[in-house]
Amino acid sequence: MYLMSNEELSSKVEEALSKLESGELSFSKLDSFLGNPNLAALVRRLFLERKYNVRLTSIASTVIDFVGVVGHNIENPIGAAQIPLGVVGPLKVQGDYARGEFYVPMATTEGALVAGVNRGVKAVTMSGGARSKVLYDGMTRAPIIWTPSVVEAQSLASWIKGNIGALREEVKKVTRHGELVDVQTYIVGNILWPRFVFRTGDAMGMNIATIASDLLCSYIDEHYKGEHRCLSVSGNLCSDKKPSSINRLLGRGKYVVSEAIVKGDVLRDLMRTTPESVDFINKSKNLLGNAVAGSPSFNGHVANIIAAIFIATGQDVAQVVESSMAYTWTEVRGNDLYISVTLPSLEVGTVGGGTWLPTQREALELLGVAGGGNPPGVNALKLAEIVAAVALAGELNLLASQVTGELAKAHERLGRGRG
Ligand SMILES: CC(C)(COP(=O)([O-])OP(=O)([O-])OC[C@H]1O[C@@H](n2cnc3c(N)ncnc32)[C@H](O)[C@@H]1OP(=O)([O-])[O-])[C@@H](O)C(=O)NCCC(=O)NCCSC(=O)C[C@@](C)(O)CC(=O)[O-]
Ligand SMILES: NC(=O)C1=CN([C@@H]2O[C@H](COP(=O)(O)OP(=O)(O)OC[C@H]3O[C@@H](n4cnc5c(N)ncnc54)[C@H](OP(=O)(O)O)[C@@H]3O)[C@@H](O)[C@H]2O)C=CC1
């Protein structure tokens, strides 16, 4: 490999800068112009620093090597955004895949959040731990197909269902871990959505599902003789990055439940409350309050836990929208409290996406789930069980802190901004 001298390097940088300034070169062409994505990031930064008279030294400071990241995770990079990373634990989880005690990384800027979840974690672990179970596993993509009439739409829907074996074989051409497991068909007037459901191993699976669905659209075009037109590989019945009833009812990603019996004396000694008070605030706030507000998500702050773990572990953060839809349920059981959190659409992976970036990979290693599992899929299932257990701890703690009126005080002490 030819290495440039310092003089050659600085003259190349100056040339790139002047071409950017004259408009001869755009940001997107810098990687190929300079032949090195790290140098391209530096030049973009220098250009912006000069243009706006700002210093971007914090943005510049990163452990990410953009060689390898450009083309997979980011375009036009100038550096990295850093978020403080905390940890909650030990959290005892008894799942089908996650078994033992875990310290769970959470990246957030909300002071008091980690403290609160940590107290919930302590209460759950002191009570014997949380049990988690994944009830369903399937990533979906639903193309939208035009046909001339409801008769044609129904005929195509039946053809797709009748040919699922051939469609399964087709998917194998583009992925080793992606597997077509089901197709749910929906018709409105003359329009058809086949909602393809895939198992995607340890990957969250959106690229796998999209690439496979694109191929399936081509297969349908080639083999189905009735009049039809595939309008888009995504027809929004998937449903990705939007709140939706379909994901809540049918599931998307992992449909996972975590539950615990929290001991009455733990609630009293650690959180200064009772099972009855927590149960009542849950039903009035999380069920009635959300119903009155018209919220489709019946919990207190599951999004806090999902967002923080997603950032820490390299998940697709926009999927917090559906991944944080959750039901928090409580019952008084004798002297204790039963609590469960159900997440019908938790989209997580341990390979692909941002999971291989250096800090995110370390966070996954901390949980013992980095990379592909043996057999494939078990790491992602284990991660889902852990995330659900943390969501449970967060819900328990938030309810307790609101019963005792501590929420505002805690945020005043730990979470006020510095202006
Ligand atoms: C802050 C606490 C926990 C204090 O509560 P406390 O009982 O005074 O805590 P403590 O000092 O007695 O410590 C008890 C345990 O809490 C944890 N803990 C305690 N402090 C820390 C800390 N600094 N760092 C790490 N962990 C901490 C830790 O587990 C500790 O055990 P130890 O480590 O000593 O064995 C409590 O007041 C609390 O939970 N407040 C609520 C905070 C919270 O959960 N906020 C979430 C944000 S809610 C939101 O954004 C959504 C919302 C609210 O708008 C949704 C809605 O509409 O409802
Ligand atoms: N395309 C879209 O419409 C959307 C894309 N995204 C983005 O998609 C990305 C995530 O897509 P996703 O499909 O999860 O990841 P990737 O696109 O990174 O695909 C995962 C890759 O890992 C390989 N692999 C190796 N070992 C395993 C294993 N054990 N389990 C599963 N796969 C394995 C797969 O090979 P093989 O396929 O041969 O099995 C595949 O090449 C994120 O960056 C996200 O932001 C998000 C929303 C929409």
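On a predicted model such as this, the values are computed, not experimentally measured, just so you know.

## Remarks on the site of ligand 2
Piece 1. Taken together, 22 residues are adjacent to ligand 2, and Thr-175, His-177, Gly-205, Asn-207 and Asp-316 come closest.
Piece 2. For ligand 2, an oxygen atom lies 2.6 Å from a polar atom in the side chain of His-177.
Piece 3. Interatomic distance of 2.8 Å between a backbone N/O atom of Asp-202 and a nitrogen atom of ligand 2.
Piece 4. Computed on the free molecule, ligand 2 has an accessible area of 940 Å², of which 73% lies beneath the protein chains in the complex.
Piece 5. Looking at the shell around ligand 2, the element that brings in the most residues is helix 8 (residues 206–223), giving 4 residues.
Piece 6. Among the residues forming the shell around ligand 2, the class breakdown is 6 nonpolar, 10 polar and 6 charged.
Piece 7. Counting contributing residues per domain, the shell around ligand 2 is built from domain 2 (85–137 + 254–414) and domain 3 (143–232), each supplying no fewer than three.

## Here's the deal with the domain arrangement of the protein chain
Piece 1. Domain assignment breaks the protein chain into domain 1 (1–82), domain 2 (85–137 + 254–414) and domain 3 (143–232).
Piece 2. Look at where the C-alpha atoms of domain 1 and domain 2 centre, and you get two points 40 Å apart.
Piece 3. On the domain 1 side of the interface with domain 2, the three residues burying the most area are Val-63, Ile-64 and Asn-73, jointly 74% of the side's total.
Piece 4. At the junction of domain 1 with domain 2, the criterion picks out 2 residue pairs in polar contact (both at pLDDT 80 or more).
Piece 5. The class makeup of the residues in the side of domain 1 that touches domain 2 is 3 nonpolar, 2 polar and no charged.

## Description of the environment of Leu-39
Piece 1. Tracing the backbone shows Leu-39 in helix 3 (residues 37–52).
Piece 2. Residue Leu-39 is classed as buried on the basis of its relative accessible area of 11%.
Piece 3. Residues Leu-39 and Ile-78, spaced 39 residues apart in sequence, show a C-alpha to C-alpha distance of 9.7 Å.
Piece 4. Apart from the residues within four sequence positions on either side, Leu-39 is in contact with Leu-9, Val-13 and Leu-34.

## With respect to the site of ligand 1
Piece 1. Around ligand 1 lies a shell of 24 residues, among which Glu-110, Lys-122, Arg-272, Lys-285 and Asn-397 are the nearest.
Piece 2. For ligand 1, an oxygen atom lies 2.9 Å from a polar atom in the side chain of Glu-110.
Piece 3. At 2.7 Å from an oxygen atom of ligand 1 is found a side-chain nitrogen or oxygen belonging to Lys-122.
Piece 4. Burial of ligand 1 by the surrounding chains reaches 64%, relative to a free accessible area of 1,100 Å².
Piece 5. Every element with two or more residues in the shell around ligand 1 is listed here: helix 5 (113–126), helix 15 (378–403) and helix 16 (407–414).
Piece 6. Broken down by element, the shell around ligand 1 gets its largest block of residues, 6 residues, from helix 5.
Piece 7. Looking at side-chain class alone, the shell around ligand 1 contains 8 nonpolar, 9 polar and 7 charged residues.

Criteria and thresholds
- Residues numbered from 1 in each chain as written.
- Chains lettered and ligands numbered in written order.
- Predicted model: local features only at pLDDT ≥ 70, side-chain atom pairs only at ≥ 80, totals over all residues.
- Heavy atoms only, no water.
- Near = heavy atom within 4 Å.
- Polar contact = N/O pair within 3.5 Å; in protein donor to acceptor, adjacent residues only side chain to side chain.
- Areas by Shrake-Rupley, 256 points an atom, 1.4 Å probe, with all protein chains shown as cover.
- Helix = DSSP H or I, 4+ residues; strand = E, 2+ residues; numbered from the N terminus.
- Nonpolar A, V, L, I, M, F, W, Y, C, P; charged D, E, K, R; others polar.
- Domains from an automatic or database assignment.
- Buried area = accessible area lost by both parts, 1.4 Å probe.
- Buried < 20%, exposed > 50% of the residue type's maximum accessible area, 1.4 Å probe, protein only.
- Contact = heavy atoms within 4.5 Å.

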